[in-house]
Amino acid sequence: MDARAQSTDETLAARVERTYPTVAMVLQGGGALGAYQAGVVEALAESGVQPHWVAGISIGALNAAIIAGNSPEERVTKLRAFWDAICQPPFLPAPLAMPPFEGISWPLAVQNGLSGMAALRTMFEGQAGFFLPRLPAPPFAPWRSGPGTASWYDTTPLRATLERLVDFDRINDARAMRVSVGAVNVRSGNFAYFDNTKQTLRAEHFIASGALPPGFPAVEIDGEYYWDGGMVSNTPLYQVLLDRPCHDALIFQVDLWSAQGELPHDLAQVAARSKDIQYSSRTRLVTEYMRRDLEQQRLLHDLMELVPPERRSDPAYRRAEARASGALTNLVHLIYRDKPYEGHYKDYEFSAASMRQHWRSGLDDMRHTLAHPHWLDAPDSEHPFVTHDVHRL
């Protein structure tokens, strides 16, 4: 990168830091597709823009652990180590499982077949440093019972991977970065957010956020068991907007599932499309709802400025004051776009070749977004909530 580019990036980072007291990253769940988020982080690191808050669910929570648990200088390196580790089969060498197809003009049918083979291997073998199948399988092991073992796979390897790559003392320093991850209480069915401003976060909080049944077991935390937060809501945007301080915020929302898509014509396409709709978690609906709510809070804030000082002790004014907010919100949306060869198994297709393509997609999308630096300008009082999406140009 030349000196002029560095100067531009540094100026952009300095402007963002000066403009927004809160810079947040919101990371959706999506299994193997999560490498897209790592590419986004790499592009942000190139620009010098640093988040103050990272919130994630499922694989987004695991990426959040790597981001928050390492210094800015080490984040991309540790993300690369994490994804390289979990995108290896645990037994046979990867080249025997799936020849690399990036950079090679394989016919689409061949790419689809190779991708399907990689997903099939994941189902039978698991992934190194992530999860392994329980042997014997649950139907043949009636003696093995309980919420912590009722699953097809054992996620013990994931704990070792996180403990190797993550500094949990750093994660729990909320002054350095706020961290929030979502999970579902199995007993009550209620959604729960684990947050380093409210509790000490350990490896199990992040593992619980990605414990999708029946593949992965529930995780015990303080006497309660938790499953993957994506079962209720796969996007932590609502929580970030609801729980944010009352000041201006720049939010990078990185989604792995697109609510919009083509009409399916066969059962395989139906399976893929239904996953997209289910796990996109009504992102556009939540965004629109929160936009209207925050605009009303801003309007109430502006109207209250018209109230004479002698009337501001009135109880009605005090109630309105508690509901008003002058905060401005800039939401930058990035959504992973499917590759032509991918099928309904894309979220558990952990081949190294696909991981590198997902990573590159996130890197490219974030670079293209940052090529529009005016998108990071602060909103104005007439439009207190603005959104930008490079795919909607």
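Predicted, not measured: the structure shown is a model, and the values here were computed from it.

Asker: Got a minute to help me understand the UniProt feature "active site" (unreviewed entry) in the protein in this structure?
Answerer: As annotated by UniProt and renumbered to match this structure, "active site" (unreviewed entry) occupies Ser58 and Asp228. Sequence-wise these annotated residues cover 171 residues; spatially they are packed, their C-alpha atoms never more than 6.0 Å apart. Relative to the helices and strands, serine 58 resides in the loop between strand 2 (53–57) and helix 3 (59–68). On the accessibility criterion, serine 58 (10% relative accessible area) is buried. Once residues within four sequence positions are removed from consideration, serine 58 is found in contact with Gly29, Ser209, Gly210 and Asp228. With respect to the helices and strands, aspartate 228 occurs in strand 8 (residues 224–228). Filtering out sequence-adjacent residues up to four positions away, aspartate 228 remains in contact with Ile57, Ser58, Ala183, Val184, Ala208, Ser209, Gly210, Ala211 and Leu212.

Asker: So what exactly am I meant to see when it comes to the nonpolar core here?
Answerer: Here is a general trend for soluble globular proteins: nonpolar side chains tend to be buried in one another's company. Membership of the largest hydrophobic core comes to 72 residues, with the highest contact counts inside it found for Met25, Val54, Trp83, Leu162, Ile171, Phe206 and Phe252. For this core, the leading source of residues is helix 3, giving 8 residues. In contact with valine 54, other than residues within four places in its own chain, are Met25, Leu27, Ala64, Ile67, Ala68, Met177, Arg178, Val179 and Ser180. In terms of nonpolar packing, the next biggest core, distinct from the first, is built from 13 residues, Val26, Leu241, Ile251 and Phe385 among them.

Asker: I keep staring at the packing of aromatic side chains and nothing clicks. Help me out?
Answerer: How two aromatic rings sit relative to each other is given by the distance of their centres and the angle of their planes. The tally for this structure, following the rule as stated, stands at 13 aromatic pairs. Taken together, a centroid distance of 5.4 Å and an interplanar angle of 40 degrees make the contact between tryptophan 257 and tyrosine 279 tilted. Pair noted here: tryptophan 257 is in the loop between strand 9 (249–255) and helix 11 (267–279) and tyrosine 279 is in helix 11, with a separation of 22 residues, a long-range link. Assessed through its relative accessible area of 3%, tryptophan 257 is described here as buried. These aromatic residues form a ring-pair network of at least three members: Phe130, Phe131, Tyr153, Phe216 and Phe350. Above the face of the tryptophan 359 ring, arginine 80 is positioned so that its terminal group lies 3.7 Å from the ring centre. Cation over ring: arginine 178 sits above tryptophan 53, and NZ or CZ is 4.1 Å from the ring centre.

Asker: Help me understand the pattern of salt bridges, please; the structure alone is not making it clear to me.
Answerer: With the rule as written, the count across this model stands at 23 salt bridges. Across the salt bridge formed by arginine 178 and aspartate 195, the nearest N and O atoms sit 2.9 Å from each other. Of this pair, arginine 178 sits in strand 5 (residues 178–185) while aspartate 195 sits in strand 6 (residues 191–195); the two residues are 17 residues apart in sequence, bridging distant segments of the chain. Comparing arginine 178 with aspartate 195, the two get one shared label, buried. Salt-bridge contacts for aspartate 243 lead to arginine 178; the nearest nitrogen and oxygen are separated by 2.5 Å. Taken together, the positions of aspartate 243 in helix 10 (residues 237–243) and arginine 178 in strand 5 put the pair 65 residues apart, joining distant regions of the chain. Look at aspartate 243 and you get partly exposed, because its relative accessible area is 26%. According to the relative accessible area criterion, arginine 178 is buried, its value standing at 13%. Counted as one network, the salt bridges with shared partners bring together Arg159, Glu163, Arg202, Glu204 and Asp222.

Asker: How do you make sense of the environment of serine 325 when you look at a structure like this?
Answerer: Position of serine 325 among the secondary structure elements: in the loop between helix 13 (315–323) and strand 10 (329–335). Distance in space between the C-alpha atoms of serine 325 and phenylalanine 124 is 52 Å, their sequence separation being 201 residues. Residues in contact with serine 325, not counting those within four places in the same chain, are Cys246, Gln297, Arg298 and His301.

Asker: What is the right way to look at helix 11 in this model?
Answerer: For an α-helix, 3.6 residues make a turn, and residues three or four places apart therefore share a direction. Given a rise of 1.5 Å per residue, 13 residues ought to cover 18 Å, and the 18 Å separating the end C-alpha atoms of helix 11 matches this to within 8%. For helix 11, the complete set of buried residues consists of Ala272, Arg273, Lys275, Asp276 and Tyr279. Looking down the long axis of helix 11, one finds its buried residues gathered within 155 degrees of arc, a one-sided arrangement. Helix 11 presents Leu267 and Gln278 as exposed residues on the side facing more than 90 degrees away from its buried surface. Between a side-chain oxygen at the N-terminus of helix 11 and the backbone nitrogen of alanine 268 the separation is 3.2 Å; the capping residue is aspartate 266. Phi for serine 281, located one or two positions after helix 11, is positive at around 55 degrees.

Asker: Could you clarify how one ought to interpret the UniProt feature "short sequence motif: GXGXXG" (unreviewed entry) in the protein in this entry?
Answerer: Annotation from UniProt places "short sequence motif: GXGXXG" (unreviewed entry) at residues 29–34. What you have in residues 29–34 is 0% helix and 0% strand, and the ends, taken at the C-alpha atoms, are 7 Å apart.

Asker: What is the right way to look at a nonpolar patch on the surface in this model?
Answerer: On the surface, Leu120, Met123 and Phe124 cluster together into a nonpolar patch covering about 340 Å² of accessible area. Counting through the fold element by element, methionine 123 comes out in helix 6 (residues 108–125). According to the relative accessible area criterion, methionine 123 is partly exposed, its value standing at 43%.

Cut-off values and rules
- Residues numbered from 1 in each chain as written.
- Predicted model: local features only at pLDDT ≥ 70, side-chain atom pairs only at ≥ 80, totals over all residues.
- Heavy atoms only, no water.
- UniProt positions renumbered as here; feature names shortened; annotations may be inferred.
- Helix = DSSP H or I, 4+ residues; strand = E, 2+ residues; numbered from the N terminus.
- Buried < 20%, exposed > 50% of the residue type's maximum accessible area, 1.4 Å probe, protein only.
- Contact = heavy atoms within 4.5 Å.
- Core = buried A, V, L, I, M, F, W, Y, C linked by side-chain atoms within 4.5 Å.
- Phe/Tyr/Trp six-rings, centres within 6.5 Å; stacked < 30°, edge-to-face > 60°.
- Lys NZ or Arg CZ within 6 Å of the ring centre and 35° of its normal.
- Salt bridge = Lys/Arg side-chain N within 4 Å of Asp/Glu carboxyl O.
- Expected span 1.5 Å × (residues − 1).
- Arc of directions from axis to C-beta.
- Polar contact = N/O pair within 3.5 Å; in protein donor to acceptor, adjacent residues only side chain to side chain.
- Patch = residues over 30% accessible without salt bridge, like charges linked within 9 Å, V, L, I, M, F, W, Y side chains within 5 Å.
- Areas by Shrake-Rupley, 256 points an atom, 1.4 Å probe, with all protein chains shown as cover.

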